[in-house]
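Here is how the chains run, residue by residue.
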Amino acid sequence: MVRLYPSYMAGRSWCVLVDNGSAAAWITKGTVKGEVCFGQAVRILQELFWLCACHDIHLTARHIPGTDNALADAL
């Protein structure tokens, strides 16, 4: 979304709702732990933070437990 629509997102705050605790920590804290997809996760975070900085986008994430996220699981 940040890559495709930066002008729409610019100058605003956005909260991403995710059912993965690691993904929420990646976006909120900017840290990656563990060996799973470490290199790819770091590259994605670098691009995400760079785009947010260039377009004045404030991005946070909130973890939603999988049991409370029935709509995403249904899709």
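Teacher, can you tell me more about the overall build of the protein here?
Each helix and strand in the protein was counted, giving four helices and two strands. A buried classification covers 24% of the 75 residues belonging to the protein. Restricting to contacts in the protein with at least 6 residues of sequence separation, those with at least 24 account for 66%.

Looking at this model, I keep getting lost on the nonpolar core. Mind explaining?
Note that soluble globular proteins tend to have their nonpolar side chains buried in a common cluster. Val2, Met9, Val18, Ala23, Ala24, Ile27, Leu48, Leu51, Cys52, Ile57, Leu59 and Ala61 form the largest nonpolar core, which has 12 residues in total. Contributions of two or more residues to this core are made by α2 (21-29), α3 (38-54) and β2 (58-63). Ignoring anything within four residues of it in the chain, the contact list for Ile57 reads Val2, Pro6, Met9, Ala10, Arg12, Trp14, Leu51 and Cys52.

Quick question: what am I supposed to make of the environment of Ser13 here?
Locating Ser13 in the fold gives a position in strand β1 (residues 13-18). Once the C-alpha coordinates of Ser13 and Ile57 are considered, the two residues, 44 residues apart in sequence, prove to be 6.1 Å apart.

Whenever I open this one, the pattern of salt bridges confuses me. Can you help?
When the charged atoms of two side chains lie near each other, side chains of opposite charge can form a pair. Counting across every chain of the model gives one salt bridge. Between Arg3 and Glu47 there is a salt bridge, with its nearest N and O atoms 2.7 Å apart. Taken together, the residues span a long stretch of sequence, with Arg3 in the segment before α1 (6-9) and Glu47 in helix α3 at a distance of 44 residues.

Can you walk me through α2 in this structure?
Note on helix geometry: an α-helix contains 3.6 residues per turn, so any two residues three or four positions apart are oriented the same way. If you check which residues of α2 are buried, you get Ala23, Ala24 and Ile27. The buried residues of α2 occupy an angular sector of 100° when the element is viewed end-on, so they sit on one face. Gly30 lies just past α2 and shows a positive phi near 75°.

Rules and cut-offs
- Residues numbered from 1 in each chain as written.
- Predicted model: local features only at pLDDT ≥ 70, side-chain atom pairs only at ≥ 80, totals over all residues.
- Heavy atoms only, no water.
- Helix = DSSP H or I, 4+ residues; strand = E, 2+ residues; numbered from the N terminus.
- Buried < 20%, exposed > 50% of the residue type's maximum accessible area, 1.4 Å probe, protein only.
- Contact = heavy atoms within 4.5 Å.
- Core = buried A, V, L, I, M, F, W, Y, C linked by side-chain atoms within 4.5 Å.
- Salt bridge = Lys/Arg side-chain N within 4 Å of Asp/Glu carboxyl O.
- Arc of directions from axis to C-beta.

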